[in-house]
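Okay, here's what each chain looks like letter by letter:
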Amino acid sequence: MSESGSDLDATEHTALMDGHIAEARPDRELAERIARKRKTKSDNQRSYGSVEQIEGGPSGASIAQQPRVPAAPVEPQIEELELKYGARHVIKLFVPVTLCMLVVVATISSINFYSVKDVYLAYTPFHEESPYASTKVWNALANSMILLCVIALMTVLLIVLYKKKCYKTIHGWLILSSLILLFLFSYLYIEEALIAYNIPMDYITLGFVLWNFGVMGMIVIHWKGPLRLQQAYLIFIAALMALVFIKYLPEWTTWAVLAVISIWDLVAVLTPKGPLRILVETAQERNEPIFPALIYSSTVMYCMAAASPAPGAAGERELRPLQPHGTVEGEGRDGTEAGGGEAGFDAAWRERRDEGAAPRRLRVDSAPPRYVTRLDPPHAPPHAPDLDEEKGVKLGLGDFIFYSVLVGKASSYGDWNTTLACFVAILIGLCLTLLLLAILKKALPALPISITFGLIFYFATRSVVKPFADALAAEQVFI
Amino acid sequence: MDLSKLPNDMKLQLCKSYFKVGCLFLPFVWAVNVCWFFRDAFIKPAYDEQKLIKKFVIMSAIGAFVWAVILVTWITVYQTNRVSWGATGDALSFIVPLGRA
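The rules we used
- Residues numbered from 1 in each chain as written.
- Chains lettered and ligands numbered in written order.
- Predicted model: local features only at pLDDT ≥ 70, side-chain atom pairs only at ≥ 80, totals over all residues.
- Heavy atoms only, no water.
- UniProt positions renumbered as here; feature names shortened; annotations may be inferred.
- Helix = DSSP H or I, 4+ residues; strand = E, 2+ residues; numbered from the N terminus.
- Rg over C-alpha atoms; globule rule 2.2 N^0.38 Å.
- Buried < 20%, exposed > 50% of the residue type's maximum accessible area, 1.4 Å probe, protein only.
- Contact = heavy atoms within 4.5 Å.
- Expected span 1.5 Å × (residues − 1).
- Phe/Tyr/Trp six-rings, centres within 6.5 Å; stacked < 30°, edge-to-face > 60°.
- Lys NZ or Arg CZ within 6 Å of the ring centre and 35° of its normal.
- Axes fitted to C-alpha atoms, helices over the stretch in contact; angles between N-to-C directions.
- Left-handed = near helix turned anticlockwise from the far one by under 90°.
- Nonpolar A, V, L, I, M, F, W, Y, C, P; charged D, E, K, R; others polar.
- pLDDT = per-residue confidence, 0-100.
- Parallel < 35°, antiparallel > 145°, perpendicular 65-115°, else oblique.
- Buried area = accessible area lost by both parts, 1.4 Å probe.
- Salt bridge = Lys/Arg side-chain N within 4 Å of Asp/Glu carboxyl O.
- Polar contact = N/O pair within 3.5 Å; in protein donor to acceptor, adjacent residues only side chain to side chain.

An unreviewed UniProt entry lists chain B under the name Gamma-secretase subunit PEN-2, from Bombyx mandarina. On record in UniProt, under Subcellular location (unreviewed entry), the comment for chain B is "Membrane". Recorded in UniProt for chain B, the comment headed Sequence similarities (unreviewed entry) runs: "Belongs to the PEN-2 family."

By the naming in an unreviewed UniProt entry, chain A is Presenilin, taken from Bombyx mandarina. A UniProt comment under Subunit (unreviewed entry) is attached to chain A, and it reads "Homodimer." Checking UniProt for chain A, the heading Function (unreviewed entry) contains the comment "Probable subunit of the gamma-secretase complex, an endoprotease complex that catalyzes the intramembrane cleavage of integral membrane proteins such as Notch receptors."

J.: Account for the overall build of chain B, naming residues and giving values.
T.: Helices and strands together make up the secondary structure of chain B, namely 4 helices and 1 strand. For chain B, the α and β elements follow one another from N to C terminus as α-α-α-α-β. For chain B, the C-alpha radius of gyration of 20 Å lies well beyond 13 Å, the compact-globule estimate for 101 residues. When each of the 101 residues of chain B is scored for burial, the buried share is 37%. Partitioning the contacts of chain B with sequence separation of at least 6, the portion at a separation of at least 24 is 42%.

J.: A description of helix H8 (residues 203-222) of chain A should follow, citing residues and the corresponding values.
T.: In a regular helix each residue adds 1.5 Å, so 20 residues correspond to 28 Å; H8 of chain A covers 28 Å between its end C-alpha atoms and thus fits that length. Within H8 of chain A, 14 of the 20 residues are buried, which leaves it mostly tucked inside the rest of the structure.

J.: If you had to explain the UniProt feature "transmembrane region" (unreviewed entry) in chain A to someone new, which residues and values would you point to?
T.: Feature annotation in UniProt places "transmembrane region" (unreviewed entry) on residues 93-114, 140-161, 173-190, 202-221, 233-249, 255-271, 419-440 and 446-465 of chain A, given in this structure's numbering. Helix makes up 100% of residues 173-190 of chain A and strand 0%, and the two end C-alpha atoms of the span are 25 Å apart.

J.: Mind laying out the packing of aromatic side chains, listing which residues take part and the relevant values?
T.: One pass over the full model with this rule turns up 26 aromatic pairs over all chains. Summarising the aromatic geometry, the rings of phenylalanine 453 of chain A and phenylalanine 457 of chain A are spaced 6.4 Å apart at their centres and angled 15 degrees between planes, so their arrangement reads as stacked. Of this pair, phenylalanine 453 of chain A and phenylalanine 457 of chain A are both found in helix H18 (residues 447-475), 4 residues apart, which corresponds to roughly one turn of the helix. You can call phenylalanine 453 of chain A partly exposed: its relative accessible area is 26%. One aromatic cluster is present, formed by Phe113, Tyr114, Tyr189, Phe213, Tyr233 and Phe236 of chain A through successive ring pairs. We note lysine 247 of chain A situated over the ring of phenylalanine 113 of chain A; from NZ or CZ to the ring centre the distance is 4.2 Å. The aromatic ring of phenylalanine 56 of chain B is capped on one face by lysine 55 of chain B, whose charged end is 5.4 Å from the ring centroid.

J.: With reference to specific residues and values, describe the side chain of lysine 11 of chain B.
T.: As for its placement among the helices and strands, lysine 11 of chain B is situated in helix H1 (residues 8-22). Dropping the residues within four chain positions of it, lysine 11 of chain B is found in contact with Leu3, Leu6, Phe37, Asp40, Lys44 and Ile53 of chain B.

J.: With reference to specific residues and values, describe the packing of helix H7 (residues 167-197) of chain A against H8 of chain A.
T.: Residues and elements named next belong to chain A. Running from amino to carboxyl end, H7 crosses H8 at an angle of 145 degrees, the nearest separation of the two axes being 10 Å. Two packed elements cross with a definite hand, and for H7 against H8 that hand is right-handed. For the pair H7 and H8, contact is made by Leu174, Ile175, Ser178, Leu179, Leu182, Phe183, Ser186, Tyr187 and Ile190 and by Leu206, Leu210, Trp211, Phe213, Gly214, Val215, Gly217, Met218, Ile221 and His222, respectively. Among the residues forming the contact of H7 with H8, the class breakdown is 14 nonpolar, 5 polar and no charged.

J.: Before we move on, could you go through the confidence of the model for chain A and cite the residues and values that matter?
T.: Residue and element names in this part refer to chain A. In this model, chain A carries a mean pLDDT of 70, and residues with pLDDT of at least 70 account for 61%. For chain A, the element scoring lowest by mean pLDDT is helix H14 (residues 367-375), at 28; H8 scores highest, at 93. The low-confidence segment residues 37-72 (pLDDT under 50) makes 88 contacts with residues lying over four places distant or belonging to another chain. Residue range residues 300-390 is modelled with pLDDT below 50. Its contacts to residues more than four positions away, or to other chains, number 388 contacts.

J.: If you had to explain the UniProt feature "transmembrane region" (unreviewed entry) in chain B to someone new, which residues and values would you point to?
T.: Within this numbering scheme, the UniProt entry marks residues 17-36 and 56-77 of chain B as carrying the feature "transmembrane region" (unreviewed entry). In the segment residues 17-36 of chain B, helix accounts for 80% and strand for 0%; the C-alpha atoms at its two ends are 13 Å apart.

J.: Summarise helix H11 (residues 275-285) of chain A; cite the residues concerned and give the values.
T.: Residue and element names in this part refer to chain A. Counting buried positions along H11 gives 8 out of 11 residues, so the element sits mostly inside the fold. Within H11 the residues assigned to the buried category are Pro275, Leu276, Arg277, Leu279, Val280, Thr282, Ala283 and Gln284. Looking one or two residues past H11, asparagine 287 carries a phi angle of roughly 60 degrees, positive in sign.

J.: Any chance you could break down the environment of proline 125 of chain A for me, citing the residues and the numbers?
T.: Residue and element names in this part refer to chain A. Within the secondary structure, proline 125 sits in the loop between helix H5 (75-110) and helix H6 (133-163). Placed 19 residues apart in sequence, proline 125 and alanine 106 show a C-alpha to C-alpha distance of 29 Å. The contact partners of proline 125, leaving out residues within four places of it in the chain, are Asn143 and Ile146.

J.: Before we move on, can you summarise the packing of H6 of chain A against H7 of chain A with the specific residues and values?
T.: Residue and element names in this part refer to chain A. Put simply, H6 and H7 touch, their axes get as near as 8 Å, and they point 135 degrees apart. By the angle class used here, H6 and H7 are oblique. Handedness of the crossing formed by H6 with H7: left-handed. On the side of H6, the interface is formed by Met154, Leu157, Leu158, Leu161 and Tyr162, while H7 contributes Tyr167, Thr169, Ile170 and Trp173. Taken together, the residues of the contact of H6 with H7 sort by class into 8 nonpolar, 1 polar and no charged.

J.: I'd like a rundown of the interface of chain B and chain A, residues and numbers included.
T.: Opposite the 31 residues of chain B that make contact, chain A presents 32 residues. Carbon and sulfur atoms supply 71% of the area that chain B and chain A bury against each other, a total of about 2900 Å² over both sides. Connecting chain B to chain A are 0 salt bridges. Inspection of the chain B/chain A interface yields 11 residue pairs in polar contact (both at pLDDT 80 or more).

J.: Which residues make up the confidence of the model for chain B, and what values do they have?
T.: Residue and element names in this part refer to chain B. Scored by pLDDT, chain B comes out at a mean of 90, with 98% of its residues at no less than 70. For chain B, per-element mean pLDDT is lowest for helix H4 (residues 87-92), which scores 88, and highest for helix H3 (residues 50-85), which scores 93. Two numbers describe this predicted complex: its pTM, 0.71, and its ipTM, 0.93.

Here it is as structure tokens:
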């Protein structure tokens, strides 16, 4: 028992999210396994164990039900445990999300560069320069639809590549994008930060620092490194990407994009034929981690096991987020150089989109891996020893990016009330999503609730609360 | 990566490869190596590979320290002498601070 259990665990880590696959298995076997697992886990006093199991049951209602039969008395306890476990992880996610937003808000409010509009992405051909509101509206909508199409296209491309097992291509793509993000975008960021703070700097020191920073990032993201450092790099990358979006998207397009993206997220994750869902299912079938680099995990992310097929995947994920940044910057910089810049953009955008889609979901990983293991018994054993545990809630880097875009955009108008309102709204949305996660036990899109709340709070605060507060202040009325 | 789940021989390999990578003018990697393996090298009860890990950690620490000294020295020299170096100083400058009113 214990042996099989450990094997399962190991595989679990590899596999990601929801166990759609689970449905494929014979229910009988599943039920038995789960029942056994529960027992072992409780014996081991693994607090997360309960969560894993349940989550494993995830998409398949059948699975969840099956275990109940054998372990009926344990149910309420398990649910309680789950909730507690969930709550702990909510808090764990709050910290990185807050940090990411803090970086973005701090940058926006201290470095002018990111709130000045001069150059735009090639994907947004309409620049909203007309004085008429209606023109601006259709400009913004057209821009966001173009972006959406690019994202969808990129996602499909990625899935095709993944389905055809072109790991080398995907890997190369991801590494390239992370290179661009870690070196080029960081370079731009440092330049603007130094200018803003008026700090003298020479090329030798700059080169040395950038080289160290970038290479360490590549090692940590695509190979092995301390978890904290990896998380820090992922947060920084997400913040950088968010800054790029804020800088290079026209005013109203940013808001339209936020809305459109959260709808896309909903569709891509929840529809039976949604691209992201297909991606997840394929990865599970192959018993591989899905783009670990694109996902922030509240605990250990990935592992040595990568040696076999997994490593590429991890790299990919990370890269995707990075690429988008890279592209954007290229565009901004080149501005007129449409050709090269655009090509770069496309790739970046796609990646970003892909990334966004994949990462956006919240997942509980542990359960699905088991399913995977069962499906591919031969593969599982070799992987198991090397793999680190993947437990806890995962949040896609894309979610980080778009949360930060919203808060950063709100702060770029210089009103702290609005910024705080958006911040709180997003965290509440995240809580609700996590609550739903505990109830539904399957991969969920993290953007829709948070972004909806964020948008409502932003416009409400800006058009209602702020004038009200101003009037109160002017009249010296204190509530 | 979770170090505690790694077998000792893998730890040694990892520590060694970090040290080797650090030789490419990457003191930051050395510094990370020191922080990451400090516990395994000095605090954990003795095991076979510990001696070698300790060696790599100490070498990394020395290397990172030396680089830090070099960098600080260079920055001090550059900042104090930029003007007197004339054209060379200007060519080396990435950001020249603006004066304040």
